[in-house]
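Residue-level listing of the chains:
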Amino acid sequence: MTPQQKKLLLPMIILALGFVSLVGVALYIISQPADHRAVANIGGPFQLVDQDGKRVSEATYKGGPSIVFFGFTHCPDVCPTALTRAQEVKQQLGKDGERLQVVFVSVDPERDTPALLGNYLAAFDSSFIGLRGDAEQTRQAAAEFKVFYEKVPTGSSYTINHTAMSYLFDAQGRLRLALRHTQPSEDYVADLRLLMRE
């Protein structure tokens, strides 16, 4: 072994040991029960109405995994993309997809009536759930989920800027993942399969 190779050997060994340690820590954290992991304080009490006019709360959707997304029916691109992806996720899960609840919470109480929400979501999947409230209920629900939204005037109308994250909750109603809008459906499916095996 040349002196040059000896000089490179030690940093390579240190780098390899560091990588193995990092993987070990990650595997340990993942192997811990959900209660022992640091989970963001997202999701909490809310009182809203679904697309059928029925009053619901956060407890309504316990019992099965759910994807929760905040948006509005006049959304030009982000919301249709998120709902199309949720539709693909259900299909890719096969039989397990029947257990998945997709919950769309409106941040546009002025325009999103229960009937409009129902018609809008049915275009993606008839099992999707639409929720809405008055301005204060919407604000409270968004605050519980740490969702930002604001009305932006566009001439004679308006659009809404809003957080574009999908939140994955387990059957006990605990947040397990926050998934970015840019992630493909395959990422969602892989995470859901792991969650459904617990």
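Residues numbered from 1 in each chain as written. Predicted model: local features only at pLDDT ≥ 70, side-chain atom pairs only at ≥ 80, totals over all residues. Heavy atoms only, no water.

Chemist: Any chance you could explain the overall build of the protein chain here in plain terms?
Modeler: For the protein chain, the helix and strand inventory stands at five helices and nine strands. Helices and strands in the protein chain line up, N terminus first, as α-β-β-β-α-β-α-β-α-β-β-β-β-α. Contacts spanning at least 24 positions in sequence make up 68% of the contacts within the protein chain whose residues lie at least 6 apart. When the accessible surface of the protein chain is split by element, carbon and sulfur atoms take 59% of a total near 11,400 Å². (Helix = DSSP H or I, 4+ residues; strand = E, 2+ residues; numbered from the N terminus. Contact = heavy atoms within 4.5 Å. Areas by Shrake-Rupley, 256 points an atom, 1.4 Å probe, with all protein chains shown as cover.)

Chemist: Please explain unusual backbone geometry as it appears in this structure.
Modeler: Both trends apply: most residues other than glycine have a negative phi, and most peptide bonds are in trans. Unlike most non-glycine residues, Lys-146 shows phi in positive territory, near 55°. Relative to the helices and strands, Lys-146 is located in the loop between α4 (135-144) and β6 (149-154).

Chemist: Please clarify how the packing of helix α2 (residues 78-92) against helix α5 (residues 185-196) should be interpreted in this entry.
Modeler: Pairs of packed helices are described in terms of their axes, by the angle between the two and the distance that separates them. At a minimum axis distance of 9 Å, the contact between α2 and α5 shows a crossing angle of 50°. Here α5 runs oblique to α2, going by the angle between their axes. Judged by the twist between their axes, the crossing of α2 over α5 is right-handed. Contacts between α2 and α5 pair Arg-85, Glu-88, Val-89 and Gln-92 from the former with Ser-185, Glu-186, Tyr-188, Val-189, Leu-192 and Arg-193 from the latter. Of the residues that constitute the contact of α2 with α5, the class distribution is four nonpolar, two polar and four charged. (Axes fitted to C-alpha atoms, helices over the stretch in contact; angles between N-to-C directions. Parallel < 35°, antiparallel > 145°, perpendicular 65-115°, else oblique. Left-handed = near helix turned anticlockwise from the far one by under 90°. Nonpolar A, V, L, I, M, F, W, Y, C, P; charged D, E, K, R; others polar.)

Chemist: How do you make sense of the pairing of strand β8 (residues 166-169) when you look at a structure like this?
Modeler: Walk down a regular strand and you will see the side chains alternate between the two sheet faces. Because side chains alternate across β8, one face comprises the buried residues Ser-166 and Leu-168, and the other comprises Tyr-167 and Phe-169, equally buried. Two strands pair when backbone bridges link them, and strand β3 (residues 66-71) and β8 are joined in this way by four bridges, in the antiparallel orientation. From the neighbouring strand, Ile-67 faces β8, where its bridge partner is Leu-168. Adjacent in sequence and paired antiparallel, β8 and strand β9 (residues 175-179) are bridged by five residues, among which Gly-173 carries a positive phi angle near 80°. (Buried < 20%, exposed > 50% of the residue type's maximum accessible area, 1.4 Å probe, protein only. Pairing = 2+ DSSP bridges.)

Chemist: Teacher, can you tell me more about the environment of Pro-45 here?
Modeler: Among the structural elements, Pro-45 can be located in the loop between α1 (3-31) and β1 (47-50). Remark: the alpha-carbon pair of Pro-45 and Ala-141, spanning 96 residues in sequence, is separated by 7.5 Å. Those residues in contact with Pro-45, other than ones at most four positions away along the chain, are Glu-58 and Glu-144.

Chemist: Help me understand the sheet that holds strand β5 (residues 129-132) in this model?
Modeler: Strand pairing in a sheet relies on backbone hydrogen bonds. The paired strands run either parallel or antiparallel. With mixed pairing, seven strands are arranged side by side in an open sheet as β2-β1-β5-β4-β3-β8-β9. Every interior strand has two partners, whereas the edge strands, β2 (55-57) and β9, have only one. Averaged over neighbouring strand pairs, the angle between their axes works out to 30° when direction is ignored. Bridge count for β1 against β2 is three bridges, and the pairing is antiparallel. The partner of Val-49 across the bridge, within β2, is Arg-55. On top of the sheet, α5 reaches β3, β8 and β9; it is set at about 15° to β8, its chief contact.

Chemist: Even after reading the chapter, I still don't get α2, so can you show me in this structure?
Modeler: Count 3.6 residues to each turn of an α-helix, and residues three or four apart come out pointing the same way. In this model α2 runs 21 Å from its N-terminal to its C-terminal C-alpha over 15 residues, within 8% of the 21 Å that 1.5 Å per residue would give. For α2, the set of buried residues is Cys-79, Ala-82, Leu-83, Arg-85, Ala-86, Val-89 and Lys-90. For α2, the buried positions fall inside an angular range of 160° around the axis, keeping them on one side. Where α2 is buried, its residues meet β3, β4 (101-106), α3 (114-122), β7 (157-162), β8 and α5. Gly-94 sits one or two positions beyond α2 and adopts a positive phi of about 65°. (Expected span 1.5 Å × (residues − 1). Arc of directions from axis to C-beta.)

Chemist: Explain the side chain of Ser-57 to me, please; I cannot follow it from the model alone.
Modeler: By the element assignment, Ser-57 lies in strand β2. Residues within four places of Ser-57 in sequence aside, it is in contact with Phe-46 and Gln-47.

Chemist: I tried to follow the packing of aromatic side chains on my own but got confused; where do I start?
Modeler: The description of an aromatic ring pair uses the distance of the two centres, along with the angle that the planes make with each other. Following the criterion strictly, the structure yields seven aromatic pairs and no others. The interplanar angle of 50° and the centroid separation of 6.3 Å between the aromatic rings of Phe-46 and Phe-145 together place this pair among those described as tilted. Here the residue Phe-46 occupies a position in the loop between α1 and β1, and Phe-145 occupies one in the loop between α4 and β6, the gap between them amounting to 99 residues. With respect to class, Phe-46 is no different from Phe-145; both count as buried. Seen from their ring centres, Phe-145 and Tyr-167 are 6.1 Å apart, and the 50° between their planes marks the pair as tilted. Taken as a pair, Phe-145 in the loop between α4 and β6 and Tyr-167 in strand β8 lie far apart in primary sequence, 22 residues in all. With respect to class, Phe-145 is no different from Tyr-167; both count as buried. What links up through ring pairs into an aromatic cluster is the set Phe-46, Phe-70, Phe-145, Tyr-167 and Phe-169. The ring centre of Tyr-158 lies 3.7 Å from the NZ or CZ of Arg-111, which sits over that ring. (Phe/Tyr/Trp six-rings, centres within 6.5 Å; stacked < 30°, edge-to-face > 60°. Lys NZ or Arg CZ within 6 Å of the ring centre and 35° of its normal.)

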